[in-house]
Amino acid sequence: MLSRKLFKKPKNRLEGEADSTVMQAEERRVACPECKALVPHATLQAQAYVCPRCGALHAMSARERILWLVDEGSFHELDSNLTPIDRLGFPSYAGKLSKAQEESGEQEGVLTGTATIQGHPFALFSMNPAFIMGSMGAIVGEKITRLFEYAAENRLPVVGYAVSGGARIQEGIFSLMQMAKTSGAVLRHSEAGLLYVVVLTHPTTGGVVASFAMEADVILAEPKALIGFAGPRVIEQTMRQKLPQGFQRAEFLMAKGFVDRIVPRNAQKHELAQLLALHQRGAMA
Amino acid sequence: MTEAYQRVQAARQKGRPTAMYYLTQIFTDFLEMHGDRRFADDPAIVGGIARLAGKPVTVIGIEKGVDTQEKIARNFGSAHPEGYRKALRLMKQAEKFGRPVVCLIDTSGAYCGIGAEERGQGLAIAENLMAMMGLRVPVISLVIGEGGSGGALALGVADRVWMLENAVYSVISPEGAASIVWKDAAKAAEASEALKLTASDLYGFGVVERVFSEEDGDFAALCEKLREALTTEFTMLSALPTEELVQLRYDKFRRIGGDER
Ligand SMILES: [Zn+2]
């Protein structure tokens, strides 16, 4: 069993502590996935993790995403005590989990909570691309389900940032069943007349696309994000042919009718605030 | 060779009865309904209206096909979005007329292809999950062979999920898991064991409520038992107030993979 105490969460600005960790972060350089330029982490942080040289979107951790997105100091995390369980005793999973926890400083692949954007309150989930490929373990599903239940109870809209490689194989059927569980919670929140906006980010695939990521009232996507049920390599193998240019990218999905809007990173805060305002109770009166 | 892998092979065995067999053995007067009224008719999914012990029911099954020609025509039971949309259309029709729904699951997974992606495979499955969670008539899903991932779950959000003794149900195929986790598709037997995908595993986890013996290969006898079991169960489920039925279904899935420590 993993002990929570073993992995101390790094402090960050989200919790209002600008200390030496931030200093270290400023010196850190990150290679751009597109142009390969080495960009200082602080530069990235200051401009929404967009490459200053080529404009490519860098991946953001769940917490970086929240810190960047919401009104300063407004994030209140929910269910931070929930940690993954190796229910199947799957070979080498325990080690994989502790490595992911150590590297991310988080307990699981999703953060949930409440926050405000330009003063508009909402419930929020943000997934972590680096935590075992952003896969949906049972506790990822549990946290998202609890978030939608909490939002329904407290009459809050939900904004979610999705990024996922799909199911978490090491949790077998428990991972698969999260697709049903989260869908049930989204349905109940929706039946309560509440808004759910999702932002699909690179990459969002597999079981997450086949459940809560596609069940939103408004589906936004980041430019060029890979979005699909099956991964491109799997499709290439089954079809034994090269995939068309731009296949499964956000622009392709919008052209096929599955995405409402593609929103560049620097426009997201404003658009989300606009959407929240448009759906505020009394907005129609 | 592991026990789990033997089950996987039995579930895929050539000559094992497919959905149409159960459909014609258990039910009478089956009238097949075609198409999703959006794009096409997907032969990987069959559905329509039949009678169960005289009473109308909607039956939907994933059909792999029997001979080679039929298998190809039915895409080996790997459905496209239009298949899932046909299933959803028939479930909504059942809801309108107050008929219970039976789903027969047998697929290695939803189809992974260009057309399937272009027409929203993920969305189609997601919409089924959400709709089944709220469906206002009783649903029983029976895994008769392979329960492959999201493509199986798209017909599996039911008040009762039952499995045959040699059926398997998994988040990913053993070959897929082996190639991702061990970078070696040949380790499928180990992966089968690790995934805990047999009917008895899933019964132990509370993911399925009932496992049916295959009567040593006497599938006609099995169908007799299934007809009785379905009839009894629907009588019970139909007696529940609708709100309670839907709440109990939600609660059942809500419990799976929670924080029970
Ligand atoms: Zn760059």
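Here the residue numbering is sequential within each chain, running from 1 through the sequence in written order. Each chain takes a letter, starting from A, and each ligand takes a number, starting from 1, following the order in which they are written. Confidence filtering applies because this is a predicted model: local features only for residues at pLDDT of at least 70, side-chain atom pairs given and counted only at 80 or more, and all residues used for totals across whole chains, interfaces and linings. Remark: hydrogens and water are excluded; side-chain values derive from all non-hydrogen atoms of the structure.

Asks: I'm lost on the pattern of salt bridges in this one. Help?
Replies: Note on pairing: side chains with opposite charge can pair once their charged atoms come close. Salt bridges are counted wherever a side-chain nitrogen of Lys or Arg sits within 4 Å of a carboxyl oxygen of Asp or Glu. Counted by the stated rule, this structure contains 33 salt bridges over all chains. For Glu108 of chain A, the salt bridge identified is with Arg168 of chain A, shortest N-O distance 2.8 Å. Here Arg168 of chain A lies in the loop between β6 (158-164) and α6 (172-191) and Glu108 of chain A lies in the loop between α4 (93-104) and β4 (110-117), a separation of 60 residues in the sequence. You'll find Glu108 of chain A and Arg168 of chain A in the same group, each marked buried. Across the pair Glu146 of chain B and Arg12 of chain B runs a salt bridge, and its minimum N-O distance is 3.0 Å. Separated by 134 residues along the polypeptide, Glu146 of chain B in strand β5 (residues 139-148) and Arg12 of chain B in helix α1 (residues 3-12) bring together distant segments of the chain. To sort residues, take the accessible area from a 1.4 Å probe on protein chains only and compare it with the maximum for the residue type: under 20% means buried, over 50% means exposed, and anything in between is partly exposed. Look at Glu146 of chain B and you get buried, because its relative accessible area is 10%. In the salt-bridge network here, residues are joined through shared partners; they are Asp79, Glu142, Arg146, Glu149 and Lys181 of chain A together with Arg254 of chain B. A run of H or I in DSSP becomes a helix once it reaches four residues, and a run of E becomes a strand once it reaches two; helices and strands are each numbered from the N terminus.

Asks: It is not clear to me how the nonpolar core should be interpreted in this structure. Could you clarify?
Replies: Burial of nonpolar side chains together is a common tendency in soluble globular proteins. Residues belong to one nonpolar core when they are buried, are Ala, Val, Leu, Ile, Met, Phe, Trp, Tyr or Cys, and are joined through side-chain atoms within 4.5 Å. Formed by 143 residues in total, the largest nonpolar core has its most connected members in Phe125 and Leu200 of chain A together with Tyr22 and Tyr169 of chain B. Here this core gets 9 residues from one element, more than from any other, and that element is α6 of chain A. Ignoring any residue separated from it by four or fewer positions in sequence, one finds Tyr169 of chain B in contact with Ile173, Leu176 and Met177 of chain A together with Val143, Gly147, Ala152, Leu153, Val161, Met163, Leu197 and Leu202 of chain B. With 32 residues, the next largest nonpolar core counts Ile117, Val159, Tyr161 and Leu275 of chain A among its residues. Every residue pair with non-hydrogen atoms within 4.5 Å of one another is taken to be in contact.

Asks: Just checking my understanding: could you explain the domain arrangement of chain A for this structure?
Replies: All names here are of chain A. Domain boundaries assigned for chain A yield domain 1 (27-58) and domain 2 (59-284). Computed over C-alpha atoms, the centres of domain 1 and domain 2 are 23 Å apart. Residue-level contacts link 8 residues of domain 1 with 8 residues of domain 2. Accessible-area loss on putting two parts together, using a 1.4 Å probe and summing over both, is the definition of buried area adopted here. Buried area between domain 1 and domain 2, summed over both chains or domains, comes out near 650 Å², and the portion from carbon and sulfur atoms is 59%. When the buried area of domain 1 at its contact with domain 2 is split by residue, Ala48, Tyr49 and Leu57 rank highest and sum to 67% of it. Linking domain 1 with domain 2 are 0 salt bridges. Within 3.5 Å is the distance limit for a polar contact, defined as a pair of N or O atoms, with the added protein rule that one can donate a hydrogen and the other accept it, and that residues adjacent in sequence qualify only through two side-chain atoms. Linking domain 1 with domain 2 are 5 residue pairs in polar contact (both at pLDDT 80 or more). Among the residues making up the side of domain 1 that touches domain 2, the classes are represented as 4 nonpolar, 3 polar and 1 charged. Where each domain starts and ends comes from a domain assignment, either automatic or drawn from a database. Amino acids outside the nonpolar list (Ala, Val, Leu, Ile, Met, Phe, Trp, Tyr, Cys, Pro) and the charged list (Asp, Glu, Lys, Arg) are all regarded as polar, and Gly is one of them.

Asks: What should I look at first to understand the interface of chain B and chain A in this one?
Replies: Where interface size is quoted, it is often the accessible area lost as the parts come together. Taken together, the contact pairs 48 residues of chain B with 54 residues of chain A. Buried area between chain B and chain A, summed over both chains or domains, comes out near 4300 Å², and the portion from carbon and sulfur atoms is 71%. Taken together, the connections running from chain B to chain A amount to 3 salt bridges. Sort the elements by how many residues they give to the side of chain B that touches chain A and helix α6 (residues 121-134) of chain B lands first, with 9 residues. When grouped by side-chain class, the residues that make up the side of chain B that touches chain A number 28 nonpolar, 11 polar and 9 charged.

Asks: Mind showing me how you'd approach the packing of aromatic side chains here?
Replies: Centre distance and the angle of the planes are the two values used to describe a pair of aromatic rings. Geometry of aromatic contacts follows a simple scheme: Phe, Tyr and Trp rings, the Trp one being its six-membered ring, pair when their centres are within 6.5 Å, and the pair is stacked under 30 degrees between planes, edge-to-face over 60, tilted otherwise. The tally for this structure, following the rule as stated, stands at 9 aromatic pairs over all chains. Measuring from centroid to centroid gives 5.9 Å for Phe90 of chain A and Trp182 of chain B, while their planes differ by 20 degrees, and the two rings are stacked. Of the two residues, Phe90 of chain A sits in the loop between β3 (76-78) and α4 while Trp182 of chain B sits in the loop between α8 (174-181) and α9 (188-195), which places them in two different chains. Summarising the aromatic geometry, the rings of Tyr21 of chain B and Tyr22 of chain B are spaced 5.6 Å apart at their centres and angled 90 degrees between planes, so their arrangement reads as edge-to-face. Here Tyr21 of chain B falls in the partly exposed class, since its relative accessible area comes to 26%. A connected cluster of aromatic rings, assembled from ring pairs, spans Phe125, Phe148, Tyr196 and Phe212 of chain A. Cation placement over rings: the criterion is NZ of Lys or CZ of Arg within 6 Å of the ring centroid and within 35° of the ring normal. Just above the ring of Tyr250 of chain B sits the side chain of Arg188 of chain A; from NZ or CZ to the centre is 3.8 Å. The aromatic ring of Trp162 of chain B is capped on one face by Arg210 of chain B, whose charged end is 5.5 Å from the ring centroid.

Asks: What is the right way to look at the coordination of the zinc ion in this model?
Replies: Ideal geometry at a metal centre: 109.5 degrees between donors when four sit tetrahedrally, and 90 or 180 degrees when six sit octahedrally. Residue and element names in this part refer to chain A. Here the zinc ion is held by the protein donor atoms Cys32 (SG), Cys35 (SG), Cys51 (SG) and Cys54 (SG), which lie 2.3 to 2.4 Å from it. A 2.8 Å cut-off from the metal defines N, O and S donors, relaxed to 3.2 Å for Na, K and Ca; water is not in the atom list, so some sites may appear incomplete. Donor angles set the geometry label: tetrahedral for four donors if every angle is between 85 and 135 degrees, square planar for four and octahedral for six if opposite donors exceed 155 degrees and the others are between 65 and 115, irregular for anything else. Around the zinc ion, the 4 donor atoms sit at angles spanning 108 to 111 degrees, and that spread fits a shape best called tetrahedral. Written as a sequence motif, the donor arrangement for the zinc ion is C-x2-C-x15-C-x2-C. Placement of the pair is Cys32 in the loop between β1 (29-31) and β2 (38-40) and Cys54 in the loop between α2 (41-46) and α3 (62-69), with a sequence separation of 22 residues. For Cys32, a relative accessible area of 1% puts it in the buried group. Its relative accessible area of 37% is what places Cys54 among the partly exposed residues.

Asks: Would you explain helix α9 (residues 265-278) of chain A in this entry?
Replies: In an α-helix, one turn spans 3.6 residues, which is why side chains three or four residues apart end up on the same side. Helices are assigned an expected span. That span is 1.5 Å times one less than the residue count. With 14 residues, α9 of chain A ought to run about 20 Å at 1.5 Å a step, and its terminal C-alpha atoms sit 20 Å apart, in line with that. Along α9 of chain A, the residues classified as buried are Arg265, Gln268, Glu271, Leu272, Ala273, Leu275 and Leu276 of chain A.

Asks: What should I look at first to understand the packing of α8 of chain B against α9 of chain B in this one?
Replies: The description of two packed helices rests on the angle between their axes and on the distance between the axes. Residues and elements named next belong to chain B. Geometry is summarised by axes, namely lines fitted to C-alpha atoms with helices restricted to the contacting stretch, and by angles between N-to-C directions that run from 0 to 180 degrees. Interaxial distance between α8 and α9 falls to 8 Å at its minimum, and their mutual angle equals 100 degrees. On the basis of their axis angle, the class for α8 and α9 is roughly perpendicular. Along the contact surface, α8 presents Pro174, Glu175, Ala177 and Ala178, while α9 presents Ala188, Ala191, Ser192 and Leu195. Here the residues of the contact of α8 with α9 are counted per class, giving 6 nonpolar, 1 polar and 1 charged. What sets the label is the angle itself: under 35 degrees gives roughly parallel, over 145 gives roughly antiparallel, 65 to 115 gives roughly perpendicular, and the rest give oblique.

Asks: Can you help me understand the packing of α6 of chain A against α6 of chain B in this one?
Replies: One way to put it is that α6 of chain A packs onto α6 of chain B with a least axis distance of 8 Å and a crossing angle of 65 degrees. For the element pair α6 of chain A / α6 of chain B, the angle class is roughly perpendicular. Considering only the axes of α6 of chain A and α6 of chain B, their crossing is right-handed. Together, Met179, Ala180, Lys181, Ser183, Gly184, Val186 and Leu187 of chain A of α6 of chain A and Ile125, Leu129, Met130, Met133 and Gly134 of chain B of α6 of chain B make up the contact between the two elements. For the contact of α6 of chain A with α6 of chain B, the class distribution of residues is 8 nonpolar, 3 polar and 1 charged. Rotating anticlockwise by less than a right angle from the far helix to the near helix defines a left-handed crossing, while the corresponding clockwise rotation defines a right-handed one.

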